[in-house]
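# An overview of the molecular structure
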Amino acid sequence: VAPLTEQVERHLATHGSFRSDELVLLSGGSNDTYAQFSAVCWGLDNNGLGAGNTTTALATEAITAAARAEVALIRRMRDNGARRIVVAGAGDWSSNPFARHYLSPDYQQTGCYSPVPAEQVTAWTRQFNRIVTRAIAGMPGVHYLDLDKVLGRAMTHPARYGLVNVTEIGRAHV
């Protein structure tokens, strides 16, 4: 999936602006927390610092920068005609089936360049959402959707939402 900025750039290049009657849905942040997890845990070069050079502190700075970039994008969208924007908060993926494996102490001990506990992913998610919610407070026509509340209800009562298995990692059948 293309980064949010690229998606908005494409929309503006094609349409010139947002129509005032459009509802714009924006969902960012979760990929940013995942990118920082993979930079610290697996040593990936997601920050242009070289493989294995991202520390937790540098990853935390990158989360701040990503949240501020999303706020700037929201302002740009408003400046270009968007009048109805719903901003879905970053979801905290630290307790989903994927995370139960990769954030487990056993995996962290043997599979990570530098361990990243679940609490760190939660802290990054909260940090991202705090920056965004504070910045958009009072912006006309911009509304925040707490995605964790919605997903939490689905995880607690999966059958109500048509979900069958919320405990195992999803697998594609070949």
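Structure: see above.
All of the points below concern the structure found in this document. (Residues numbered from 1 in each chain as written. Predicted model: local features only at pLDDT ≥ 70, side-chain atom pairs only at ≥ 80, totals over all residues. Heavy atoms only, no water.)

## A few points about the pattern of salt bridges
The line we're drawing: Definition used for salt bridges: Asp or Glu carboxyl oxygen within 4 Å of a side-chain nitrogen of Lys or Arg. Secondary structure follows DSSP: runs of H or I at least 4 residues long count as helices, runs of E at least 2 residues long count as strands, and numbering of each begins at the N terminus. Accessible area is worked out with a 1.4 Å probe on protein chains only. A residue is then buried under 20% of its type maximum, exposed over 50%, and partly exposed in between.
Using the criterion set out here, one finds four salt bridges in the structure. Its salt-bridge partner being R76, residue E9 comes within 2.4 Å of it at the nearest N-O pair. You can see E9 sitting in helix 1 (residues 4-15) and its partner R76 sitting in helix 3 (residues 56-79), a full 67 residues away along the chain. In this structure E9 comes out as partly exposed when scored by relative accessible area, which is 35%. With its nearest N and O atoms 3.0 Å apart, the salt bridge here joins R19 to D21.

## Here we look at the layout of surface pockets
Quick reminder of the rule: With a 1 Å grid laid over protein atoms only, a set of points is called a cavity when a 1.4 Å probe fits there but cannot get out and a pocket when it is open yet has protein on both sides within 12 Å along at least five of seven lines; lining residues have an atom within 4 Å of a point. Grid points are joined across faces, edges and corners, and a volume is the space filled by probe spheres set on the points. The nonpolar class holds Ala, Val, Leu, Ile, Met, Phe, Trp, Tyr, Cys and Pro. Asp, Glu, Lys and Arg form the charged class, and all remaining residues, Gly among them, are polar.
Approximately 540 Å³ is the volume attributed to the largest pocket. Surrounding the largest pocket, 28 residues form its lining, P3, L4, G29, N31 and D32 being those nearest its centre. Breaking the lining of the largest pocket down by element, the ones donating at least two residues are helix 1, helix 2 (30-41) and helix 3. The element best represented in the lining of the largest pocket is helix 3, accounting for seven residues. Taken together, the residues that form the lining of the largest pocket break down as 14 nonpolar, 12 polar and two charged. If you add up the space inside the second largest pocket, you get close to 350 Å³. Lining the second largest pocket are 14 residues, with D92, W93, N96, L151 and M155 sitting closest to its centre. For the lining of the second largest pocket, the elements supplying multiple residues, two or more each, are helix 2 and helix 7 (147-156). The leading source of residues in the lining of the second largest pocket is helix 7, at five residues. The residue makeup of the lining of the second largest pocket, split by class, is six nonpolar, six polar and two charged.

## A closer look at the state of the cysteines
Quick reminder of the rule: What counts as a disulfide here is a pair of cysteine sulfur atoms lying within 2.5 Å.
Under the defined criterion, the tally for this structure stands at one disulfide. Here C41 pairs with C112 through a disulfide, and the sulfurs are 2.0 Å apart. For the disulfide bridge between C41 and C112, the dihedral angle about the S-S bond is near -80°, and by the sign convention the bridge is left-handed. One end of the pair, C41, is in helix 2; the other, C112, is in the loop between helix 5 (105-111) and helix 6 (118-136), and 71 residues separate them in sequence. Assigned by exposure class, C41 and C112 land together as buried.

## Section: the pairing of strand 2 (residues 84-88)
Counted only if it meets this: Strands qualify as paired when DSSP identifies two bridges or more between them.
Where strand 1 (residues 23-27) and strand 2 come together, five bridges link them in parallel fashion. In the sheet register, L23 faces strand 2, and the bridge partner there is R84. Inspection of the sheet shows strand 2 paired to strand 3 (residues 142-145) by four bridges, in the parallel sense. Opposite A88, over in strand 3, you have L145 as the bridge partner.

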